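# Structural overview for review
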Amino acid sequence: MARETRAFDAVRIFFTGVGGQGTLLATRLVGEAALAEGISVTMSEIHGMAQRGGVVESSVVIGNAFSPTIPDGEADILMAFEPLEALRALPKCHAQSLIIANTAPIVPFSVATGQSTYPELAALHGLIKEKVSNLMWLDAVELARKAGSERASNTVLVGVLAGSGRLPLGKSSWEEALKRTLAPRIVGINRQAFEAGYAFSRAGGV
Amino acid sequence: MHELLQPGSERKQLLLGNEAIVRGALEGGVRFVAAYPGTPSSEIIDRFYQLAPEAQIYVEYSVNEKVSMETVAAAALSGVKSLCAMKHVGLNVAADAFMTLAYVGVKAGMVIVVADDPFLHSSQNEQDNRFYAKMAGVPMLEPATPEEAKAMTLEALALSEKYQMPCMLRTTTRVNHCRGPVALGDLPGNGSPPRGTFTKDPFNLVVIPMVGRKLRLALLEKLSRLQAEAEQSPLNFTVGEGKWGIITSGVSYLYVRDAVRDLGLEQRVKVLKLGFTFPQPRAVMRNFLRGLTRVLVVEELEPFLEETVRIVAQESGLRVLVGGKGDELIPKAFELDAAKVKRAMSNFFGVSYQSPEVFSIPQLPQRPPNLCPGCPHRATYYSVRKIFGDDAIYPTDIGCYTLGILPPLRMADFLICMGSSVATAGGFSKVLDRPVVAFIGDSTFFHAGLTGLVNAVSHDHRFLLVVLDNGTTAMTGHQPHPAVELTPQGKVQPKVNLENIIRGCGVARLATVNPLQVKKTQDVLQDLREHMHEPGVSVLISKSPCPLFENRMLSRKQKVVFEVDASCDLCKKCLEEVGCPAFVWEQPAAGASRIRINAALCSGCSVCAQMCKSIKPRRLDDSKGGNQ
Ligand SMILES: Cc1ncc(C[n+]2csc(CCOP(=O)(O)OP(=O)(O)O)c2C)c(N)n1
Ligand code: SF4
């Protein structure tokens, strides 16, 4: 079952989002897909305070690496579920990283009450793009809605990752991961969301 | 079938470190589990609780960590394999039991899981509990991965049985909350509730001084045998080769392995990975040090291993340079990661390391966690501030309600540990001429508040204690507590009545309110405030269920949301005094500013509508259910 894994060495994927966006489920999907493919994988999650509307961060490291966490400047892929959080997590990335970012904002409370301002989307995009050119910037909520359910935007983003070709994971491993991770009644809708993200990615992220 | 009760198989499962501990305990025959929740240990007791009926084991959410350890100790003493788990500070609470349980010991395997939290991801401090193992003289194992966590739980049980004393499994957040592949072993198939046996033996089991002296010597003797056990243990092993060395344990080992490889030092650095870390394997350390020129000790928090390594080097007269904690090397505070270890190795061994460029970003709006929309704690805080204002001192406690520290509520002035609200309120009231109003959650009250209240009553401390009774232990994942009324089966009579207990303590004044009824709550608070100059403790039970918990337990659907109508005069009191996260202040580039309630976040609690006549309910059709 085990494959030759030296070929791609290790890939470090950092996930960031806001409580309730399903980042941990997405983390799990990537981990299960790697396991199904027979590649070593380790993941780190932070539970706790994050649930009350705070930032949720997690990571998946696949291939030849031991550490479950990712130091600054060492994430090969950033999966950002929210555009402000994409910029906040930019220090995790390096110049060759791939960033997959959802553009649908979730406004923090300090912004909602007028104490601070949410940066313009274009400004966020500019600041990220200036450092990391490999950026897929998409409205995953919109894609998920078209695919059947807004709640599956996390799976859309996983689909985008799968379609990017950055991970040595075949389609059947992703399918296996969806089945293993999700309750049977929501596999269908999530498969559609995954495919929507996958197609988006294959079309060159446009 | 519960995921963790699947039959053994070669196909690995992705398990959380905490789940791997549960599985290891089940494979090892554990039948009795008790714990008080606490991040990062909570999933251990939560998973056991979920699978208990199916596995026919006894599982309880104990009232605090000391109680959990004592309960489990009795089971283990009666020959039932047992486990308790707690977060690091939980061991402070259980320390009295822990220290002497080491003397008395057990008959069947007993594992004490202690989860440290370097970086204080969700804790009040980052104490290094390895020193507790050393202080008590209890053997300790330290896993690095979920797979090791499972294997070491089994090993801890075996050691505990062999030496007839509890064994500590010490983890850190990055082990508890790491998810990795774990192979499942077979489960012993005993499907009946645990039964034990007890043989009277007071002169070994009742620790009067005479018995304690004897047991103290017996413990020292056990420790010398455990020392030999640690020296032989396969949990301590070496990888790599070279003239330089690294000694490490726990998750730091993983950072070390990546660092050695990234720096290309596989042929030059030999790594000693310690899994059996108390008693510390001194002979293993000595053999490792021999022939090495430089050794770096890589561990999080305190120099627990490092101090022993230095002693061993000195005792053996070895000319090896030992490094560890220090500004340029391994920091004491917070977590390590592979980059920090690479930096330390490069400084210590004098090899080059180019740290990656780290992109800088501008200052961004923060996103701190906040009380949920509709949280009854917010309503209580709003009313207490209305009546007691800025002058009062507000000692607080640990739970969701600690988030009341944030503006605009700012209802937290002092906190050290669970239960501290009550006794510190008493102390303040004796030396300050200001009103003192303390806050404590219901779960925290049972955990450590009750004794403080008895003390306050008996010494005429003068303060108001507000018990925030949301019917659950919300912060750590909505675990039940003694007064829980909502269960998956519906509403039940609580086992312990909070009001009766508090009345029984002899408080001078006691009232109960529903904080979501703002006017009534403020009337009661006003009345209590007017009596504050009279001696004695006043208690207000502010009772309203956590809406997240209630919705889940009763599958309740929300019926209304609230909206701001055109009569709003933008006074902004809602934003400045209540601070519900559903509120949005909109300042469009063109057109007038306005305040809006985000319908997707509004929970329909109606607190805002009671303070402002411009806020009106709107009935919902059935489409806005709760979250999936
Ligand atoms: C000694 C100790 N044990 C456990 C914890 C973890 N912990 C923090 S708050 C809390 C309970 C909170 O419940 P409650 O007081 O009912 O407040 P709520 O979160 O429901 O508002 C727990 C278990 C801790 N911080 N210290
Ligand atoms: S989980 Fe419950 S108690 Fe905690 S902040 Fe949310 S509503 Fe309040």
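What counts and how
Each chain carries its own residue numbering, running from 1 in the direction its sequence is written. Here chains are named by letter from A upward and ligands by number from 1 upward, in the order in which they appear as written. A pLDDT threshold of at least 70 governs which residues receive local features in this predicted model, and a stricter bar of 80 or more applies before side-chain atom pairs are shown or counted, although totals over entire chains, interfaces and linings include all residues. In computing side-chain values, all of the structure's heavy atoms are included and hydrogens and water are not. Helix numbering and strand numbering both begin at the N terminus, where a helix is a DSSP run of H or I of at least 4 residues and a strand a DSSP run of E of at least 2. We call a residue buried when its accessible area falls under 20% of the maximum for its residue type, exposed when it is over 50%, and partly exposed in between, using a 1.4 Å probe and counting protein chains only. Contact criterion: two residues are considered in contact whenever any of their non-hydrogen atoms come within 4.5 Å of each other. A simple way to read buried area is as the amount of 1.4 Å-probe accessible surface that goes missing from two parts once joined, with both sides added. Every case where a carboxyl oxygen of Asp or Glu lies within 4 Å of a side-chain nitrogen of Lys or Arg is listed as a salt bridge. For this classification, Asp, Glu, Lys and Arg are treated as charged, while Ala, Val, Leu, Ile, Met, Phe, Trp, Tyr, Cys and Pro are nonpolar and the rest, including Gly, are polar. In this entry, domain limits derive from an automatic or database-based domain assignment. Counted as a polar contact is a pair of N or O atoms within 3.5 Å, where, for protein atoms, one must be capable of donating a hydrogen and the other of accepting one, and residues adjacent in sequence contribute only when both atoms are in side chains.

What follows is about the side chain of Ser 252 of chain B. Residues and elements named next belong to chain B. Here Ser 252 lies in helix α10 (residues 252–262). According to the relative accessible area criterion, Ser 252 is buried, its value standing at 2%. Once you skip the residues sitting within four places of it in the chain, Ser 252 turns out to touch Val 298, Glu 299, Glu 300 and Leu 336.

With 61 residues of chain A at the interface, the matching set in chain B holds 59 residues. A combined buried area of about 5000 Å² lies between chain A and chain B, and 57% of that area is made up of carbon and sulfur atoms. At the junction of chain A and chain B, the tally comes to seven salt bridges. Among the elements of the structure, β1 (10–18), α1 (23–37), β2 (41–45), α2 (83–88), β5 (93–102), α3 (109–112), α4 (121–131) and α7 (171–181) of chain A are those that each provide at least two residues to the side of chain A that touches chain B. Each residue belonging to the side of chain A that touches chain B can be placed in one class, and the counts come to 28 nonpolar, 17 polar and 16 charged.

Before going further, it helps to spend a moment on the domain arrangement of chain B. Residue and element names in this part refer to chain B. Per the domain assignment, the segments making up chain B are domain 1 (3–231), domain 2 (237–355), domain 3 (376–553) and domain 4 (557–624). Domain 1 and domain 3 are separated by 33 Å when their C-alpha centres are compared. On the side of domain 3, 13 residues touch domain 1, which itself brings 13 residues to the contact. Of the roughly 890 Å² buried between domain 1 and domain 3 on both sides combined, carbon and sulfur atoms contribute 60%. Run the count over domain 1 and domain 3 and you get four residue pairs in polar contact (both at pLDDT 80 or more). It is helix α2 (residues 42–55) that contributes the most residues to the side of domain 1 that touches domain 3, three residues altogether. Residues belonging to the side of domain 1 that touches domain 3 are distributed by class as follows: six nonpolar, five polar and two charged.

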